[in-house]
Amino acid sequence: MIRNGASKSLESNPSDDICPVCKSNRYLTPSLQFLINPECYHKMCSTCVDRIFTSGPASCPVRYCGKTLRKKGFHKAFFGDLKVERECDIRKRVGAVYNKRQDEFETLLDWNNYLENVEGLVFDLVEGGKEDKMRAEEKLRAYKERNLGEIEANKRAGLEEIEMEKRRERAEKEAARQRRLAAVREAEEEKMDVEKSRREVLEKLASGEGDAREITEMAQKVVLKKSGARRIASEAILQSNGSAKDPNLTIRGLKKREAPVAEKPYEPFGGVDLAPSRYVLQEDYDSEWLANAKKDQRHAAGGFSLHEYYARTMFEAFSGLGVFIEDEMGSKALPAVPSSIGTEAAAEASTGKIKVEHKMELDDVF
Amino acid sequence: MKFNIDDLPVLFPYPRIYPEQYAYMCDLKKTLDAGGHSVLEMPSGTGKTISLLSLIVAYQMYYPEKRKLIYCSRTMSEIEKALAELKALMKYRSDELGYVEDFRGMGLTSRKNLCLHPSVKREKSGTVVDARCRSLTAGFVKEKKDRGEDVQVCIYHDNLDLLEPHNLIPTGVWTFDGIMKYGEQHKQCPYFTARRMMSFCNVIIYSYHYLLDPKIAERVSKELSKDCIVVFDEAHNIDNVCIESLSTDITEDSLRRATRGAQNLETKISEMKESDSEKLQNEYAKLVEGLRDQDEAREEDAFMSNPALPDDLLKEAVPGNIRRAEHFVAFLKRFIEYLKTRMKVRQVISETPPSFLAHLKEYTFIEKKPLRFCAERLTSLVRTLELTNVEDYQPLQEVATFATLVATYEKGFLLILEPYESDTAEVPNPVLHFTCLDAAIAIKPVFDRFSSVIITSGTISPLEMYPKMLNFTTVVQESYPMTLARRSFLPMIVTRGSDQVHISSGFQVRNEPSVVRNYGHLLTELSKVTPDGMVVFFPSYLYMESIISMWQGMGILDEVWKYKLILVETPDAQETSLALETYRTACCNGRGAILLCVARGKVSEGIDFDHQYGRTVLCIGVPFQYTESRILKARLEFLRETYRIRENDFLSFDAMRHAAQCLGRVLRGKDDYGIMVLADRRFLKKRNQLPKWINQAILESEVNLSTDMAVGTAKKFLRGMAQPFKASDQEGISTWSLKDLEAHKEKADEEIIRALREAQENPEGKEQIGDGMQVDPDDFGIDEDDEAAMMEIDA
């Protein structure tokens, strides 16, 4: 198994282990480290770099390259594939110039076209022939000159955004930490409570006052009550934490704050609109059934109002329409803590940064 | 037999019904009427599937909406069983009603199980079958054929196009065997017949994954309408299925192969540019427009589909920087290269998707948005390039899926990079786990889309855990006890050995010789008294191996050998199935055997030990999960933070559901009998986490036993079981004939009436009673009807 893994990693890239300049290999020099220079992306070991470039700029020792390199320019490659390393460097350069943002464009299509243009430019720089490269460089330079101001502004905006993101992340982490501490504290308190009440019961029993069974039952009730109260309290904290998490950590967010809405006058029906929405009540309805009542004055004399009758009948006919139980069920979803905090916390737990275990008294490891 | 539940006439294909089956059906109907979700626990071996099917089919046939049933089960054999039961039910219905109903029921399984193509079906691996099938049936292959090119096609598939698209197969219930035979006779492909007929079926039976795994669900289950009734059977592990369906592991090897795949794509693109650049141009034009061809996306032969993208996003155009094929391939390469670099780190890293994305952007300038479209774009490209050997691109597809997931979900996911296999390993073998922590994410679309989702199993206690974990609300949540005419199973909790030393598989004591010896002694004694088969469950393979070797040293196995054959489950599926076969032979011919297996292994989940195959089940130790696993730790933390489920609660819940699952293996019906032994001190406290039907059967005098007491009780129990027991003894108690059922209904009605009368007499108590009864207090109309019915019976 182990040997298998080792051989695999060897076979994958044997050139990883031999310096192309001095041919020293990793087997003999375990501390072998490769450096590259973004001028030509030729790889060589750190000893070679020291040997060749300590006394000032020199040409690249790789055959047919001959570019003049300085020691300062050498660094470790981030990617294993140097082509990708080069591409990313180019992207960095292009990205610093072409840094428009989506909200500057009117339509999505324009934005996508812009993205494609940039991508094409990068592609020319990376893979294109000499002419393509020249043209692309020229384009890049021209664009930079023309839009200097905008580029600066966008750069600043981008930085700001990153800063904001970082702050948000930090706040989330902090919230997770607080909640974890609270949980640990809670568990400890609970334990202490149980311990305390047990001691009390024992003392009471020892003193011999009252019925033994009564005392134990009492004690149990107290413990239950306490734990219940604690749970409610902790949930309340949780809710407040959840809601107090996002706002006003950033300066940009301040702008959007709105003035508090003026309080509406008290409404006994809690905002339910009683005006019929699905029909219009007419003054008169033509019905055989009602003809008699309309004509006969004796009905009106007793206070019978046809209008009232219409209103009620119509209301009864239409009530309940347009009420969808599913929708109401849906809106009643379980209250859950924003899962972002949970994710954050899980990240830390899995690295083992936090010692939850000794508090948990796990029964088993298997 | 035929009876009514409220106004719904139900045809039940047996002359007798169990009381719990009736209760189960009543609750099912309540759920369907209310249009909500429910969690139901019904003891194993009491005919859960048939009661479910007969009620829902009755419901479909009686009400005009004809709501479709989607029945999801876990294993192939369970699906086949359900299909057979459905077939029997429909036959009974047509016999009873005198005419054949217009009804279609079908099962769906993988291509591998349903292929008829003479050479493809001979392939062993499922992925190869899939790939070869696609290469024969893809849309462009047919186009080529029409153009007169010489390409291979599958005649079985192409024959389908000659038939009416909504009537590929006659009505009726089709088992897998049946559809295979029909396909062979009519030369049509069973797999595609089932796939295409799904929207015309009344009942669909398939595996969980077709609904839960978003990668598959999008393709298979998209057209199902909102009012479908969804049932998850054997759903006690549903949260794990959900989590697995959204998690991926990436290894160095898969990255290497993904790179190769990307290179292949590159060459293909350049080839195509030279030969047929028009196609690429077309694709490009389509992407510019943002037209995602709906039909095409849903095409059966699609290479892969998008894992759970929000709908509004799907309608958006693909970002400009991956529109061109060559740009996209460069993009993929960059991403893979980045992952490779990350894998070189030699310490454990765990980070959230946002921080991963931030880092990614810093080094490779890959934005979130194109990353999100990665899977989608790859599918489109593969289709355009008309690639046939798709299995080569499997790793690339994995990476693309990973990219899409990581960019889509900020919350509830975690990336964990583990450079070494274990803490002591020297040679790195890095794995990047992208784990889903929140089971609710995968199942949310199901709950959102379907109005009635029923989650049911033999052991799904504690019930309230599932709504919490999966984040949904239930209208009915019920666990049924088991009605028995005699005490046919004996659950015991053994906490001490004969020498009064506590036994436990706890970490501190598990390897102490006294504990191991006591376990061995328990095994020996039980093997002496148990007839035929006996199953023993251990918490893990590791512990099983160590304890077996210690037993060997103590001479315990030699002692057991005198009474029973000893067989062991191994992680290897083939070895295990051989062991099982031998075990069954030994149980049948009277030699008797002991099967030593693991509580989370294959045996504990899918295999039944009915009758002589399992007379005793012994659970050695509480089957806790391996808590040092980083993924588990992360999930525990997440559960606590998000759903307020404490670590210990979850671990204990998880252990107990596995223990219950093990115990349930041995009792598969009412005429079956068996002994269930839980051998660990810690079971004492966890007792009430067992399913209701097991917990109720544990007598107070049998919870804190030592080995000798347990053996004595077992002997007495077995002697009782040896007495003759006629089926008629059960009548009226654990099985009801129609008459019993009616009597029961009457009694229930009377009960309600009495309660209502009382409520009327003393109005203070009214509210309390009204709550429990769910009957309108004004509804006194029943009264007279009932009295009339009673008089009838008297006469």
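Within any chain, residue numbers begin from 1 and follow the written order of that chain's sequence. To label them, take the chains in the order written and letter them from A, then take the ligands in the order written and number them from 1. Side-chain atom pairs in this predicted model are given and counted only at pLDDT of 80 or more, local residue features only at pLDDT of at least 70, and totals for whole chains, interfaces and linings cover all residues. Computation of side-chain values covers all heavy atoms of the structure but excludes hydrogens and water.

1. Things to note about the overall build of chain A
Argument step 1. The way it works is that DSSP assigns letters per residue, a run of H or I at least four long becomes a helix, a run of E at least two long becomes a strand, and they are numbered from the N terminus. Across its full length, chain A carries 13 helices and four strands.
Argument step 2. Of all intrachain contacts in chain A linking residues separated by at least 6 positions in sequence, the fraction that spans at least 24 positions is 54%.
Argument step 3. Calculation of accessible area relied on Shrake-Rupley with a 1.4 Å probe; when residues are assessed, cover is drawn exclusively from the protein chains displayed. Approximately 26400 Å² of chain A is accessible, and the part contributed by carbon and sulfur atoms is 55%. Here, residues are in contact when the closest pair of their heavy atoms is within 4.5 Å.

2. As for a nonpolar patch on the surface
All names here are of chain A.
Argument step 1. Patch membership requires over 30% relative accessible area and the absence of a salt bridge. Like charges are linked within 9 Å, and nonpolar side chains (Val, Leu, Ile, Met, Phe, Trp, Tyr) within 5 Å. Should a side-chain nitrogen of Lys or Arg be within 4 Å of a carboxyl oxygen of Asp or Glu, the pair is scored as a salt bridge. A surface patch of nonpolar side chains, about 330 Å² in accessible area, is lined by Phe 269, Val 272 and Leu 274.
Argument step 2. Looking at the secondary structure, you find Leu 274 in the loop between α7 (212–243) and α8 (288–295).
Argument step 3. The rule is simple: take the accessible area with a 1.4 Å probe, protein chains only, and divide by the maximum for that residue type; under 20% is buried, over 50% is exposed, in between is partly exposed. According to the relative accessible area criterion, Leu 274 is exposed, its value standing at 58%.

3. Focus: the sheet that holds strand β13 (residues 452–457) of chain B
Residues and elements named next belong to chain B.
Argument step 1. For two strands to pair, DSSP has to find at least two bridges joining them. Pairing in this open sheet of eight strands is parallel, and the strands run β6-β5-β7-β4-β8-β13-β3-β14 from one edge to the other. Looking along the sheet, the strands with just one partner apiece sit at the ends: β6 (172–174) and β14 (474–479). Across the sheet, the mean angle from the axis of one strand to that of its neighbour is 10°, orientation sign disregarded.
Argument step 2. Pairing analysis gives four bridges linking strand β4 (residues 69–73) to strand β8 (residues 229–232), with the strands arranged parallel. What sits directly across from Tyr 71, in β8, is Val 231. For helices, the axis comes from a line fit to the C-alpha atoms of the stretch in contact; other axes are also lines fit to C-alpha atoms, and the angle between any two N-to-C directions lies between 0 and 180 degrees.

4. Side note on the confidence of the model for chain B
Residues and elements named next belong to chain B.
Argument step 1. Averaged over all residues, the pLDDT of chain B equals 85, while 92% of them reach at least 70.
Argument step 2. pLDDT is a per-residue confidence score from the predictor, ranging from 0 to 100. Contacts of residues 293–307 to residues separated by more than four positions or lying in other chains number 49 contacts, the stretch itself having pLDDT below 50.
Argument step 3. Segment residues 765–795: pLDDT under 50, and 21 contacts once partners within four positions in sequence are set aside and those in other chains are kept.
Argument step 4. The ipTM for the predicted assembly is 0.72, set against a pTM of 0.77.

5. With respect to the domain arrangement of chain B
Residues and elements named next belong to chain B.
Argument step 1. Here chain B is partitioned into domain 1 (246–293 + 305–437) and domain 2 (489–725).
Argument step 2. Taking only C-alpha atoms, the centre of domain 1 and the centre of domain 2 are 45 Å apart.
Argument step 3. The interface is formed by nine residues belonging to domain 1 together with five residues belonging to domain 2.
Argument step 4. The term buried area denotes the loss of accessible surface (1.4 Å probe radius) that occurs when two parts are joined, taken as the sum for both partners. Per-residue buried area on domain 1 facing domain 2 is highest for Ile 416, Glu 418 and Leu 437; these three make up 58% of the total on that side. Domains are outlined according to an automatic or database domain assignment.

6. Side note on the packing of aromatic side chains
Argument step 1. In this scheme Phe, Tyr and Trp rings, the latter by its six-membered ring, pair at centre separations within 6.5 Å, and the angle between planes marks the pair as stacked below 30 degrees, edge-to-face above 60, and tilted otherwise. Following the criterion strictly, the structure yields 37 aromatic pairs over all chains and no others.
Argument step 2. Ring centres of Tyr206(B) and Tyr210(B) lie 5.1 Å apart, and the angle between their planes is 40°; on these two criteria the pair is classed as tilted.
Argument step 3. When its relative accessible area of 0% is taken as the criterion, Tyr206(B) is described as buried.
Argument step 4. Geometrically, the ring pair formed by Phe447(B) and Phe472(B) is stacked, given 4.2 Å between the ring centres and 15° between the ring planes. Note that Phe447(B) is positioned in helix α22 (residues 439–449) and Phe472(B) in the loop between α23 (465–470) and β14, a separation of 25 residues in sequence. This pair shows no difference in class: Phe447(B) is buried, exactly as Phe472(B) is.
Argument step 5. These aromatic residues form a ring-pair network of at least three members: Phe78(A), Phe79(A), Phe335(B), Tyr338(B), Phe356(B), Tyr363(B), Phe402(B), Tyr409(B), Phe413(B) and Phe434(B).
Argument step 6. Geometrically, a charge over a ring is one whose NZ (Lys) or CZ (Arg) sits within 6 Å of the ring centre while staying within 35 degrees of the ring normal. Its end group placed over the ring of Phe328(B), Arg377(B) keeps NZ or CZ at 5.4 Å from the ring centre.

7. Considering the pairing of β4(B)
Residues and elements named next belong to chain B.
Argument step 1. Buried residues dominate β4, accounting for five of its five residues.
Argument step 2. Sheet topology note: the β4/strand β7 (residues 203–207) ladder contains five bridges and is parallel. Opposite Ser 73, over in β7, you have Ser 207 as the bridge partner.

8. Observations concerning the environment of Gly592(B)
Residues and elements named next belong to chain B.
Argument step 1. Here Gly 592 is to be found in the loop between α27 (573–589) and β18 (593–598).
Argument step 2. Sequence spacing of Gly 592 and Leu 565 is 27 residues, and the spatial spacing of their C-alpha atoms is 6.3 Å.
Argument step 3. Discounting residues that sit within four places of it in the chain, Gly 592 has contacts with Asp 532, Lys 564, Leu 565 and Ala 586.

9. Some thoughts on the pattern of salt bridges
Argument step 1. A complete count under the given rule lists 66 salt bridges over all chains for this structure.
Argument step 2. Through salt bridges with shared partners, a single ionic network connects Arg179(A), Arg180(A), Glu637(B), Arg640(B), Glu641(B) and Glu647(B).

10. Some details on the UniProt feature "domain: Helicase ATP-binding" (unreviewed entry) in chain B
Argument step 1. UniProt positions are given in the numbering used here, feature names are shortened, and annotations may be inferred rather than shown by experiment. This chain's UniProt record puts "domain: Helicase ATP-binding" (unreviewed entry) on residues 7–283 of chain B.
Argument step 2. Structurally, residues 7–283 of chain B is divided into 55% helix and 12% strand, and its ends, taken at the C-alpha atoms, are 57 Å apart.

11. A closer look at the sheet that holds strand β12 (residues 431–436) of chain B
All names here are of chain B.
Argument step 1. The strand order across the open sheet formed by four strands is β9-β12-β11-β10, and the pairing between neighbours is antiparallel. Strands at the two margins of the open sheet, each flanked by one partner only, are β9 (248–251) and β10 (349–351). Mean inter-strand twist for the sheet, computed between neighbouring axes without regard to direction, equals 15°.
Argument step 2. Looking at chain direction, β10 and strand β11 (residues 413–418) are connected through three bridges and run antiparallel. The partner of Ile 349 across the bridge, within β11, is Leu 417.

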